[in-house]
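# Geometric and topological summary
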Amino acid sequence: MTAEDHGAAAPAPTEPTVLEEVTGMLREVLGEYEFTDAAITMNTRFHDDLDMESIDLVTLSTALREHYGDTVNFAAFIADRGLEEIIALTVGDLVRHVLASLPAAPTAEAVRT
């Protein structure tokens, strides 16, 4: 039996786990541009280091929603930011947003079952 069978919440993801998951999504999004296997770290910037354009961010937003559910809303995360702040966003900013967004997910799942 799993923790879900007993109604227990799954363990909260860690920063390294979320970084690995987000890195995989980024590689998939950027794969069509023949993105190299350069290291993606918490300090990697979406614009300056990965050359991501707005359409890439939309694709990433979709990947995040498919993987984590509606709890992680990338569009809302960047909505209140100015252009300079969006340009300066790092992978670490996104990882921290995902981690901050996820704690509500197990509760929502528990209510549905």
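Residues numbered from 1 in each chain as written. Predicted model: local features only at pLDDT ≥ 70, side-chain atom pairs only at ≥ 80, totals over all residues. Heavy atoms only, no water.

## Here's the deal with the packing of helix H1 (residues 15-30) against helix H2 (residues 54-68)
Each pair of packed helices can be summarised by the angle the axes make with each other and by the distance between the axes. Between H1 and H2, whose axes approach to 10 Å, the crossing angle comes to 135°. By the angle class used here, H1 and H2 are oblique. You can see that H1 and H2 cross each other, and the crossing is right-handed. Residue-level inspection shows Val18, Glu21, Val22, Met25, Leu26 and Val29 of H1 in contact with H2, the latter providing Asp56, Thr59, Leu60, Ala63, Leu64, His67 and Tyr68. Grouping the amino acids of the contact of H1 with H2 by side-chain chemistry returns 9 nonpolar, 2 polar and 2 charged. (Axes fitted to C-alpha atoms, helices over the stretch in contact; angles between N-to-C directions. Helix = DSSP H or I, 4+ residues; strand = E, 2+ residues; numbered from the N terminus. Parallel < 35°, antiparallel > 145°, perpendicular 65-115°, else oblique. Left-handed = near helix turned anticlockwise from the far one by under 90°. Contact = heavy atoms within 4.5 Å. Nonpolar A, V, L, I, M, F, W, Y, C, P; charged D, E, K, R; others polar.)

## With respect to the pattern of salt bridges
For the structure shown, the criterion picks out 4 salt bridges. With a closest N to O distance of 3.2 Å, arginine 45 and aspartate 49 form a salt bridge. When its relative accessible area of 33% is taken as the criterion, arginine 45 is described as partly exposed. In this structure, the salt-bridge partner of arginine 96 is aspartate 93, at a minimum N-O distance of 3.1 Å. Taken as a pair, arginine 96 and aspartate 93 lie in helix H5 (residues 91-101) at a separation of 3 residues, close to a single helical turn. For aspartate 93, a relative accessible area of 24% translates into the label partly exposed. (Salt bridge = Lys/Arg side-chain N within 4 Å of Asp/Glu carboxyl O. Buried < 20%, exposed > 50% of the residue type's maximum accessible area, 1.4 Å probe, protein only.)

## Describing the confidence of the model for the chain
On average, residues of the chain carry a pLDDT of 83, and 77% of them reach 70 or more. The lowest-confidence element of the chain is helix H6 (residues 104-112), averaging 46 in pLDDT; the highest-confidence one is H5, averaging 96. Every residue in residues 1-5 is under pLDDT 50, and counting partners more than four places away or in other chains gives 2 contacts. (pLDDT = per-residue confidence, 0-100.)

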